[in-house]
Amino acid sequence: MENLLLTLIIGISVLGLVAALMLAKWVMSKSDGTAPMRAISDAIKEGANAFLKRQYRTIVILALMVAAALFIGYGMIREHQSFDPVETRIALAMWITLSFVFGAACSLFAGFIGMWVSIRSNIRTAAAAVNSVNEALRIAIRGGAVSGLMVVSMSLLGVAGLYMLVKVFSGVEATKIPFMIVGYGFGASFVALFAQLGGGIYTKAADVGADLVGKVEAGIPEDDPRNPAVIADLVGDNVGDCAGRGADLFESTAAENIGAMILAGVMAKTVTQDPVWIIGVMLFPLLARAFGIIASIIGVLTVKVKDGEDPMHGLNRGYFITVFFTVIGLFIASKWLFYHESAPQGWIYLFLAGVVGVATSIGFIYITEYYTEYRFRPVREIANASQTGPATNIITGIAMGLECTAPSAIVISISILSAYYLGQASGFPNAGIFGTAVATMGMLGPAAYILAMDTFGPISDNAGGIIEMTDQPKEVRDRTDRLDAAGNTTKALTKGYAIASAALASFLLFRAYLDEVENYGHPIKSVDLAQPVVFVGALLGAALVFIFSALAIRAVGKAAYYVIWDVRDQFKENPGILAGTSKPDYGRCVDIVTKGALKEMVVPGLVAVLSPILVGVLFKQLGAGAEAVAAMLMVGTIAGILMATFLNNGGGAWDNAKKYIETGQLGGKGSDTHKAAVVGDTVGDPFKDTAGPSLHVLIKLLSTVTLVLAPLFI
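Residues numbered from 1 in each chain as written. Predicted model: local features only at pLDDT ≥ 70, side-chain atom pairs only at ≥ 80, totals over all residues. Heavy atoms only, no water.

Caption draft 1: Inspection of the overall build of the chain at higher detail. In terms of regular secondary structure, the chain is built from 22 helices and zero strands. Taken against the 2.2 N^0.38 rule, which gives 27 Å for 714 residues, the C-alpha radius of gyration of the chain at 25 Å falls within 12% of a compact globule. Seen through its C-alpha atoms, the chain measures out along the principal axes to roughly 75 × 50 × 45 Å. Split into buried and exposed, the 714 residues of the chain put 64% on the buried side. Total accessible area on the chain stands at roughly 23500 Å², and carbon and sulfur atoms take up 65% of it. Taken together, the 51 basic and 55 acidic charged side chains of the chain have centroids lying 3 Å from each other. (Helix = DSSP H or I, 4+ residues; strand = E, 2+ residues; numbered from the N terminus. Rg over C-alpha atoms; globule rule 2.2 N^0.38 Å. Buried < 20%, exposed > 50% of the residue type's maximum accessible area, 1.4 Å probe, protein only. Areas by Shrake-Rupley, 256 points an atom, 1.4 Å probe, with all protein chains shown as cover. Lys, Arg positive; Asp, Glu negative; His and termini not counted. Charge placed at Lys NZ, Arg CZ, Asp CG, Glu CD.)

Caption draft 2: Region of interest: the packing of aromatic side chains. Applying the stated criterion across every chain yields a total of 22 aromatic pairs. With 5.1 Å between their ring centres and 55° between their planes, F190 and F194 make a pair best called tilted. Of the two residues, F190 and F194 are both situated in helix α6 (residues 182-218); the distance of four residues between them amounts to about one turn of the helix. Of the two residues, F190 and F194, both sit in the buried class. Here the aromatic rings of Y561 and W565 are separated by 6.2 Å at their centres, their planes lie at 65°, and the arrangement is edge-to-face. Pair noted here: Y561 and W565 are both in helix α18 (residues 532-573), with a separation of four residues, about one helical turn. Aromatic ring contacts, followed pair by pair, group F100, F186, F190 and F194 into a single cluster. Over the ring of W26 we find R142, and its NZ or CZ is 4.5 Å from the ring centre. Cation over ring: R568 sits above W565, and NZ or CZ is 5.3 Å from the ring centre. (Phe/Tyr/Trp six-rings, centres within 6.5 Å; stacked < 30°, edge-to-face > 60°. Lys NZ or Arg CZ within 6 Å of the ring centre and 35° of its normal.)

Caption draft 3: Geometry of unusual backbone geometry. Its identity is not glycine, yet D471 carries a phi of approximately 55°, on the positive side. Classification of D471 by relative accessible area gives exposed; the value is 64%. The residue L666 is not glycine, and still its phi comes out positive at about 55°. One can find L666 in the loop between α21 (625-662) and α22 (672-709). A residue is classified by how much of its surface remains accessible, and L666, at 27% relative accessible area, is partly exposed.

Caption draft 4: Region of the structure containing the side chain of R142. Mapping R142 onto the fold places it in helix α4 (residues 133-170). Although buried, R142 forms no salt bridge, and the nearest oppositely charged side chain, E135, lies 7.7 Å from it. (Salt bridge = Lys/Arg side-chain N within 4 Å of Asp/Glu carboxyl O.)

Caption draft 5: Layout of a nonpolar patch on the surface. A cluster of nonpolar residues, F324, F325, I328, F331 and I332, forms a patch on the protein surface that exposes about 430 Å² of accessible area. Its location among the elements puts I328 in helix α10 (residues 311-338). (Patch = residues over 30% accessible without salt bridge, like charges linked within 9 Å, V, L, I, M, F, W, Y side chains within 5 Å.)

Caption draft 6: Expanded view of the side chain of S334. Looking at the element boundaries, S334 is found in helix α10. On the accessibility criterion, S334 (0% relative accessible area) is buried. Of the polar contacts made by the side chain of S334, one reaches the backbone oxygen of L330; its length is 2.7 Å. (Polar contact = N/O pair within 3.5 Å; in protein donor to acceptor, adjacent residues only side chain to side chain.)

Caption draft 7: Here's a closer look at empty space enclosed by the protein. Scanning the entire structure with this criterion turns up three cavities of 30 Å³ or more. The computed volume of the second largest cavity comes to approximately 40 Å³. In terms of lining, the second largest cavity is formed by V182, G185, A255, I258, G259, L509, T704 and L707. Those elements giving two or more residues to the lining of the second largest cavity turn out to be α6, α7 (230-271) and α22. Per-element accounting of the lining of the second largest cavity gives the leading share, three residues, to α7. Of the residues in the lining of the second largest cavity, the class split is five nonpolar, three polar and no charged. (1 Å grid on protein atoms, 1.4 Å probe; cavity = no way out; pocket = protein on both sides within 12 Å on 5 of 7 lines; lining within 4 Å. Points joined across faces, edges and corners; volume = space filled by probe spheres on them. Nonpolar A, V, L, I, M, F, W, Y, C, P; charged D, E, K, R; others polar.)

Caption draft 8: Summary view of the packing of helix α2 (residues 35-77) against helix α16 (residues 447-469). Running from amino to carboxyl end, α2 crosses α16 at an angle of 135°, the nearest separation of the two axes being 9 Å. Taken together, the axis directions place α2 and α16 in an arrangement best described as oblique. The interaxial crossing formed by α2 with α16 has right-handed handedness. Here M37, I40, S41 and I44 of α2 come into contact with α16, specifically with N462, I466, I467 and M469. (Axes fitted to C-alpha atoms, helices over the stretch in contact; angles between N-to-C directions. Parallel < 35°, antiparallel > 145°, perpendicular 65-115°, else oblique. Left-handed = near helix turned anticlockwise from the far one by under 90°. Contact = heavy atoms within 4.5 Å.)

Caption draft 9: Quick peek at the nonpolar core. Counting residues in hydrophobic clusters, the biggest one holds 251 residues, and the most contacted among them are L315, F434 and Y513. Looking at this core, the element that brings in the most residues is α7, giving 22 residues. When near neighbours in sequence (up to four residues on either side) are disregarded, Y513 contacts A626, V629, A630, L633, T706, L707, A710 and F713. (Core = buried A, V, L, I, M, F, W, Y, C linked by side-chain atoms within 4.5 Å.)

Caption draft 10: Up close: the packing of helix α1 (residues 2-28) against α4. Running from N to C, α1 and α4 cross one another at 150°; their axes reach a closest spacing of 8 Å. One element, α1, and the other, α4, form an angle in the roughly antiparallel class. The crossing of α1 and α4 is left-handed. Here the residues of the contact of α1 with α4 sort into 21 nonpolar, five polar and five charged.

Caption draft 11: Just the layout of surface pockets, in detail. Estimated volume of the second largest pocket: approximately 570 Å³. Broken down by element, the residue count for the lining of the second largest pocket peaks at eight residues, all from α2.

Caption draft 12: Broad picture of the environment of R89. Position of R89 among the secondary structure elements: in helix α3 (residues 89-129). A relative accessible area of 26% means that R89 is categorised as partly exposed. Along the primary structure R89 and T396 are separated by 307 residues, whereas in three dimensions their C-alpha atoms are 56 Å apart. Residues in contact with R89, not counting those within four places in the same chain, are Y74, G75, M76, R78, E79 and H80. Looking at R89, its side chain comes within polar contact range of the main-chain oxygen of M76, at 3.4 Å.

Caption draft 13: Seen up close, helix α15 (residues 432-444). Across its 13 residues, α15 extends 19 Å between first and last C-alpha, which sits within 8% of the 18 Å expected from 1.5 Å per residue. Of all 13 residues that make up α15, 13 are buried, and the element is covered over most of its length. (Expected span 1.5 Å × (residues − 1).)

Caption draft 14: Quick look at the environment of L234. Position of L234 relative to the elements: it lies in helix α7. For L234, a relative accessible area of 1% gives the class buried. In this structure the C-alpha to C-alpha distance between L234 and T203, which are 31 residues apart in sequence, comes to 8.0 Å.

Here it is as structure tokens:
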């Protein structure tokens, strides 16, 4: 059974990689447009590669430092304990460190490949838009799917491969293996935090700088080639939404797979001592994820639209086809691996828990759409408030962002309770918590397609920029505008999906942390906030969310400052730029924002990584290190989910209020109402594209750090 399942899981992972390769080959076979188009595309590629090269160098240095600290902590500082899964502390240190390095390397590689294809898809999408919306849509979504399939397949292949390595070379009991590879999730989370944070700071610093000097001060249109920051802005879409979000979902799938395997092993051992059934239950999370890859491939290949049809209709059809096949995969995996004679109907309840997870992702997508689409009340209220100036725009936007936390919290609550009680109703002992793990696996089923939709956003945005900067006819610009509008929607929807997955995953990982601590001989029956040390740990967890958000938003302001002054200086130094008689120095602006973003990402990143470690180590001296960390993890997760929802949806609403006015409503472009909306959008930019997405990673990083370092807190 074990060998069959691992072969199937690894085989489907490889199939996902092959599908990504074939899609990339198909995209690269398409026309790359005219020479002026290629010149713009080449500038975007050059800027993206320069940023990624510097960013990866910084991340690798920091990751090697953490890897060394892990090895020293486990191999030299911590004493070997009788309940450790291997016989020596050096062996445990080696596996933890190896899995950390492997997780970090896989995450970097998957993010790089996804961005490599996306910055080559934009020019081909632009060239296709000259003739057809449908062809441009297919190129953009398939280019995005390369990133989605690479990320999910690499994540799954890494966990399954590590499982096999530990099994072959250590001889450890199967239920102990997940505790030895938790470093894989930590490595992925570590990379994701800096990739998302650095990319988010870059993209929003460039965007804010381009908008404030270009649109507001100089009065030139968006993506106008006279703006020195326009290439930096287009580069930012790729490094933030492609590489950054790719790393985010890579660590989601990696950490949740390992956490679910820990919970599966704990639950299965209470049902039977039959190793075949136990291993089958433990490998269910990986098999469910594998079937999700197949579902996503099918969904991507079905995306197309008719002439005149809204591109979102085609993308939505592909999503629901993916969801349909994801549910079928959950059904097959549940019936195969969960059936046991002690509870012959139990697999049905666990399957339904997985369906709850799928439904939760759909629910979050609709909530996000309601609060960020200008067809609905919240965005129109912000637009109407803009008629009386930027102050009322900002007040209303903040109110809408705060309001949207309520329906989000209700959906999360319903999903966790439903999955928990379905697990309990299965008849398996202690299966309630495992039901929430199955729900998380259901939610992550369509992850590859969701990431494809997310990457579709920057590809279509870049295509629109290329068309705008090369003075294409109005009908061509209209086609790319339709794709860009769909891309703005998909980016907002995927942020909602990321929050929902972070919420369910964090509950799963919190429970996994408690199980791991118990496995290491220190059971925590409850987290008692009436204890001063535990209460302080919880308070610091909530405070971490606020200080991290502040640092991330302030980092955008600082980096944008460099961009704004450079654009102003170029306009002063060379009056021919605004006159259209000479070209700005795009490379200079790209270089300035790159240096600024990488400099500003280090402090908030280190605060996020070091805070739970310091709480665990210092409070250990007071006899409650593990409990204080549990409280920090619990309350930090709750605060982080609500703050991320506020930042993402509030920022998205400001953005689309501006776009609603630009359609000709309430005075249209250039009006005082529009100028007020631009200010609101500028405030919302670091909310929705820097701090909000980075909080998704912070929430899961807290869990993976504590999972890896739990033995040091006891």
